[in-house]
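Chain by chain, the residues run as shown.
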Amino acid sequence: MKTMTKGAAALPLNTIISGDCIEAMNALPAESVDLIFADPPYNLQLRGDLHRPDNSKVDAVDDAWDQFSSFAVYDKFTREWLKAARRLLKPNGAIWVIGSYHNIFRVGASLQDAGFWILNDVVWRKSNPMPNFRGKRFTNAHETMIWAGKDENSKYTFNYEALKALNEGIQMRSDWVLPICTGHERLKDEAGDKAHPTQKPESLLHRILVGSTNPGDVVLDPFFGTGTTGAVAKMLGRDFIGIEREEAYRKVAEKRIKSVRKFDKEALQTTTSKRAEPRVPFGQLVERGMLRPGEELYSLNGRYSAKVRADGTLIGNEVKGSIHQVGAAYEKAPSCNGWTYWCYKKDGKRVPIDILRQQIRAEMAN
């Protein structure tokens, strides 16, 4: 991995670019990025130091990069980096932006004004949030992420089945309960202090990248910080581009990512939707001799049977048609998935015909 100076002409994969994010993005090739994850300055508008009840000082975000003189200045900055980001996205690309109540509503409006199409807002509910030490407001226990396509017609990536598998077979919701960085994950500088005040947990980026990218995709993070996006992208077999103007953060990120090992190819595979798998006509099983004309098929419930015909249709008691049509007619149902309804006999045992379809799909994948 290498640090590049701004103005590079080619797409600098797996590289941290040094410089201003807007200038650096404008120097990259248009429509070259699949996904952008952006963790921009929150413009926290802190007034004075923050102390705990024991009068110890809280290590809050007071860095110069998070300070803007007015909302107007912050909005101008937001519009400029979003414009540069949108130019970089491929036609079917998407963006994630994370923020707090200080900035996310302003960013959301700017996203829509720039032509992005909002898909979801996702609440990251922190399982271990920092308490509200002054006791004058609710504990701020969440941050909000906006997920948006490049435009209304973008065919964005959404790995629904993979996210469902991550959630023990239950549809993934838009409220995610994950811890903030603590313990071994919290990076420290040479003095033993936090390397970055708003370091995001790897679990958050893992879910985002598994859910909205595929291996080999290019992920850009224009506010790279200490490199959580790059570290997770490398592990998951995605290419990354980071942009970071602060040298101290770049050094930490480079060291961190260098030590990361990419998961092996088999481990990178995720659960896919049935609709995304190659279509295999039932007739192909007949053409290839995996099932023979005249062979008997049996319903899974054992009540019905039908014979295979040479053209890949079935014929049964006063009904003929596709594997789906005949199954639906027998069950007096509006529809039927014939692949899971019918079985054939092998060595005296009934075997679902879908086994044969999966064999063909496996061949197609090789």
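Let us look at the structure shown here. Keep in mind that this is a model prediction, so the values were computed, not measured. (Residues numbered from 1 in each chain as written. Predicted model: local features only at pLDDT ≥ 70, side-chain atom pairs only at ≥ 80, totals over all residues. Heavy atoms only, no water.)

## Thoughts on unusual backbone geometry
Positive phi outside glycine occurs at Asn 14, with the angle close to 55°. Summarising the element assignment, Asn 14 is placed in the loop between strand E1 (2-5) and strand E2 (15-18). Residue Glu 168 is not a glycine yet carries a positive backbone phi of 55°. In this structure, Glu 168 sits in the loop between helix H4 (160-166) and strand E7 (175-178). A relative accessible area of 76% means that Glu 168 is categorised as exposed. (Helix = DSSP H or I, 4+ residues; strand = E, 2+ residues; numbered from the N terminus. Buried < 20%, exposed > 50% of the residue type's maximum accessible area, 1.4 Å probe, protein only.)

## Here we look at the pattern of salt bridges
Taken as a whole and assessed by the stated rule, the structure comprises 13 salt bridges. We note a salt bridge from Lys 150 to Glu 31, for which the minimum N-O separation is 3.6 Å. A residue pair is termed long-range when its members are at least 10 positions apart, and Lys 150 in the loop between strand E6 (142-149) and H4 and Glu 31 in the loop between helix H1 (21-26) and strand E3 (33-38) qualify at 119 residues. Classification of Glu 31 as partly exposed rests on a relative accessible area of 46%. Between Asp 39 and Lys 200 there is a salt bridge whose closest N-O contact spans 2.9 Å. Of this pair, Asp 39 sits in the loop between E3 and helix H2 (71-88) while Lys 200 sits in the loop between E7 and helix H5 (202-212), and the two are 161 residues apart along the sequence. On the accessibility criterion, Asp 39 (14% relative accessible area) is buried. (Salt bridge = Lys/Arg side-chain N within 4 Å of Asp/Glu carboxyl O.)

## Some remarks on the environment of Ile 180
As for its placement among the helices and strands, Ile 180 is situated in the loop between E7 and H5. Exposure remark for Ile 180: the relative accessible area of 23% places this residue in the partly exposed category. Spatially, the C-alpha atoms of Ile 180 and Pro 129 are 7.0 Å apart, while their sequence positions differ by 51 residues. If near-sequence neighbours (up to four positions away) are discounted, Ile 180 is found in contact with Trp 124, Lys 126 and Asn 128. (Contact = heavy atoms within 4.5 Å.)

## Here we look at the nonpolar core
Formed by 34 residues in total, the largest nonpolar core has its most connected members in Trp 96, Met 145, Trp 176, Leu 204, Ile 208 and Leu 209. No other element matches the 5 residues that H5 contributes to this core. Among residues more than four places away in sequence, those in contact with Met 145 are Trp 96, Val 97, Ile 98, Asn 120, Asp 121, Val 122, Trp 124, Trp 176, Leu 204 and Ile 208. (Core = buried A, V, L, I, M, F, W, Y, C linked by side-chain atoms within 4.5 Å.)

## Quick look at the packing of aromatic side chains
This structure, assessed with the given rule, holds 13 aromatic pairs. Between Trp 147 and Phe 158, the aromatic rings sit 5.5 Å apart at their centres with planes inclined by 40°, giving tilted as the arrangement. Of this pair, Trp 147 sits in strand E6 while Phe 158 sits in the loop between E6 and H4, placing them 11 residues apart in sequence. On the accessibility criterion, Trp 147 (5% relative accessible area) is buried. (Phe/Tyr/Trp six-rings, centres within 6.5 Å; stacked < 30°, edge-to-face > 60°.)

## Comments concerning the sheet that holds strand E12 (residues 314-316)
Here 6 strands make up an open sheet; going across it, the order is E13-E12-E11-E10-E14-E15 and the pairing antiparallel. Two strands bound the open sheet, and with one partner strand each, they are strand E13 (319-321) and strand E15 (349-352). Pairs of neighbouring strands in the sheet enclose a mean axial angle of 35°, with direction left out of account. Summarising the sheet, strand E10 (residues 296-299) and strand E14 (residues 342-346) pair through 2 bridges and their orientation is antiparallel. The partner of Tyr 298 across the bridge, within E14, is Cys 343. Across the face of the sheet, helix H10 (residues 323-331) comes into contact with strand E11 (305-308), E12, E13 and E14 while running at roughly 150° to E13. (Pairing = 2+ DSSP bridges. Axes fitted to C-alpha atoms, helices over the stretch in contact; angles between N-to-C directions.)

## Some thoughts on H10
Within the sequence span of H10, burial applies to Ile 323, Val 326, Gly 327, Ala 328 and Tyr 330. Elements in contact with the buried residues of H10: helix H9 (282-287), E11, E12, E13, helix H11 (338-341) and E14. Directly beyond the C-terminal end of H10, a positive phi value near 50° is found at Lys 332.

## Focus: the packing of H2 against helix H3 (residues 104-113)
Closest axis-to-axis distance for the H2/H3 pair is 10 Å, and the angle between their directions is 45°. Compared by their axis directions, H2 and H3 come out oblique. The chirality of how H2 crosses H3 is right-handed. Across the interface between the two elements, Phe 71, Tyr 74, Asp 75, Thr 78, Arg 79 and Leu 82 from H2 touch Arg 106, Val 107, Ser 110 and Leu 111 from H3. Looking at the contact of H2 with H3 residue by residue, the classes come out as 5 nonpolar, 2 polar and 3 charged. (Parallel < 35°, antiparallel > 145°, perpendicular 65-115°, else oblique. Left-handed = near helix turned anticlockwise from the far one by under 90°. Nonpolar A, V, L, I, M, F, W, Y, C, P; charged D, E, K, R; others polar.)

## Topic: the side chain of Asn 159
Along the chain, Asn 159 turns up in the loop between E6 and H4. Look past the residues within four positions of Asn 159 in its chain and what remains in contact with it is Val 210, Gly 211, Ser 212, Thr 213 and Asn 214.

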